[in-house]
Amino acid sequence: MKKLSIRLRVTLWYAALMILLAAVTQIFMFAAGERLVRTSSENSLIAAVDGNLNEVHVSADQLDDDHLVTFQDGVYLLYYDINGNLLAGSLPAGFEAEAAFQNEAVQTAQSGGYTWYLYDAQRAVKHSDPIWIRGIISSASADTAFGVFQKVAVVALPCLVLLSVLGGYLITGRAFRPIKRITETARQIGDGGDLGRRIALGDGKDEIYALADTFDRMFDRLQSSFDRERRFTSDASHELRTPISVVISQCEYALEHAGSMEEYQAALETVLTQARKMSGMIGQLLELANHSGQGREPLRLEQIHLSELCLMVTEEQKEPAAEKNITIKTEIQPALWLLGDETLLMRLLMNLISNGIRYGRENGTLTVTLRRMGEQLSGSVSDDGIGIPKEHLALIWNRFYQVDPARSGGGAGLGLSMVQWIVQAHGGEISVESEPGTGSTFTFTLPALPVEP
């Protein structure tokens, strides 16, 4: 059974159910047939006899038979005197049974191979003896009609079962057609690696259409993820190639051409600078992989006093800011708490502030703000530096992206990518507003704790 397709299994189950239903119907019809025939015959018999009771008239001790009815709706009506002598009417052909009179009672008799039903009623007559009216009806007519119905049912029910099974097979085939398309698309993607293929069933409200739409959205996310990883690998290879090339060239030059200690020292300083750059880049890559990768280290959530953390990070960044004579101003509302990872939140603030210092102008100002806005904590870092052109604003969050590598100050272009991920991992949002030559403002929002712990 497990080797059969779902379509065939559903059809077989449907067929078995329909066959069982048809069999039960047939059994019920045959079982109830005799009762229905008897009830129909008795009702016709009683109605005919009772309907003609008042039509019996006797005058001068003689039965007035001018208006007597002797046959009505398949019922033979016979009129007898008190002694059982037939006064009017005739027995039906084939009826030879004898039965005593029973007032208002239905009797059954077998004669001529048929079942007969008899019903007697007595009519009181003034100044004379009562008159008996006997009705006789054969079950043959009702049996014949019911027999025709049974024959029709014997033919019709199997045909109905066959049509139902065929219809069920076609309907299930049509219902499972989208699943076949889903399977085929998944196979093509798996065999050919073409993540651009989609099921694209279109609009629909049933569960299969919802499943197909879910798969399409999953394929979209997978394609985006693979594209990002491909770009990441390419960008990382490109970024590491340059310092490695410099290290190799400096080593080769020092080994082949350096003739003095000063030349060796210059080569080693260049190698050290590039090695430090690679070390910083690899450290940032590892941090991104440890936190943002699938199945990697989860956030270590705890209650964080963000106001104090922001003041601490700002204080630590005053020394590098002083090298460019940049003044750091703070507008930090006290006692602001949230649930978060302290290490990552510290990295968030450090990256934004160091980024503002790196691209801020000499003798400029850097403003750090933090305040509560409803159920959110809103923070911002504003500088008055070189700014970012409008066409680059949407790209600065990409890994390794640099608006102007020559003015990056040795950065690898991973800081803002890390910042965006940290904010999103904490359920927040981040945005940037910038004007070339005027400066940039990075604004983030994070969910706040309802009350101070």
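Every value quoted in this text rests on a predicted model; they were computed, and no experiment measured them.

Thresholds applied
Residues numbered from 1 in each chain as written. Predicted model: local features only at pLDDT ≥ 70, side-chain atom pairs only at ≥ 80, totals over all residues. Heavy atoms only, no water. pLDDT = per-residue confidence, 0-100. Contact = heavy atoms within 4.5 Å. Patch = residues over 30% accessible without salt bridge, like charges linked within 9 Å, V, L, I, M, F, W, Y side chains within 5 Å. Areas by Shrake-Rupley, 256 points an atom, 1.4 Å probe, with all protein chains shown as cover. Salt bridge = Lys/Arg side-chain N within 4 Å of Asp/Glu carboxyl O. Helix = DSSP H or I, 4+ residues; strand = E, 2+ residues; numbered from the N terminus. Buried < 20%, exposed > 50% of the residue type's maximum accessible area, 1.4 Å probe, protein only. Pairing = 2+ DSSP bridges. Axes fitted to C-alpha atoms, helices over the stretch in contact; angles between N-to-C directions. Parallel < 35°, antiparallel > 145°, perpendicular 65-115°, else oblique. Left-handed = near helix turned anticlockwise from the far one by under 90°. Nonpolar A, V, L, I, M, F, W, Y, C, P; charged D, E, K, R; others polar.

Observations regarding the confidence of the model for the chain
Line of reasoning, step 1. In the predicted model, the chain carries a mean pLDDT of 79, and 82% of its residues have values of at least 70.
Line of reasoning, step 2. Below pLDDT 50 for its whole length, residues 405–410 participates in seven contacts with residues either more than four positions away or in separate chains.

As for a nonpolar patch on the surface
Line of reasoning, step 1. A cluster of nonpolar residues, Leu8, Leu12, Leu166, Tyr169 and Leu170, forms a patch on the protein surface that exposes about 430 Å² of accessible area.
Line of reasoning, step 2. Those elements that place two or more of their residues in the nonpolar patch are helix 1 (6–52) and helix 2 (140–192).
Line of reasoning, step 3. The dominant element in the nonpolar patch, judged by the number of residues it contributes, is helix 2, at three residues.
Line of reasoning, step 4. The residue Leu12 is located in helix 1 in this model.
Line of reasoning, step 5. Relative accessible area serves as the criterion here: at 41%, Leu12 is assigned to the partly exposed category.

So, the sheet that holds strand 13 (residues 376–383)
Think of a sheet as strands paired side by side through backbone hydrogen bonds, with each pair either parallel or antiparallel.
Line of reasoning, step 1. Ordered in space as 10-12-13-15-14, the five strands form an open sheet in which the pairing is mixed. In the strand order of this sheet, the two ends are held by strand 10 (327–332) and strand 14 (429–435), each with one partner. Within this sheet the neighbouring strands show an average axis-to-axis angle of 10°, counted without direction.
Line of reasoning, step 2. Bridge analysis of strand 13 against strand 15 (residues 439–447) gives seven bridges, and the strand direction is antiparallel. Bridge assignment links Val381 to a residue of strand 15, and that residue is Phe442.

Notes on the pattern of salt bridges
Side chains carrying opposite charge are able to pair once their charged atoms draw close together.
Line of reasoning, step 1. Applying the stated criterion across every chain, the model contains five salt bridges.
Line of reasoning, step 2. A salt bridge links Lys318 to Glu315; its shortest N-O distance comes to 3.3 Å.
Line of reasoning, step 3. Relative accessible area serves as the criterion here: at 38%, Lys318 is assigned to the partly exposed category.

Focus on the packing of helix 5 (residues 306–316) against helix 7 (residues 342–359)
Helices that pack against each other are described as a pair by the angle of their axes relative to one another and the distance between those axes.
Line of reasoning, step 1. Between helix 5 and helix 7, the shortest axis-to-axis distance is 10 Å and the interhelical angle comes to 45°. Considering the angle they form, helix 5 stands oblique to helix 7. Along this stretch, helix 5 crosses helix 7, giving a crossing that reads as right-handed. The residues of helix 7 that touch helix 5, namely those facing Leu309, Cys310, Met312, Val313 and Thr314, are Glu342, Leu345, Met346, Leu349, Met350 and Ile353.
Line of reasoning, step 2. Class assignment of the residues belonging to the contact of helix 5 with helix 7 gives a composition of nine nonpolar, one polar and one charged.

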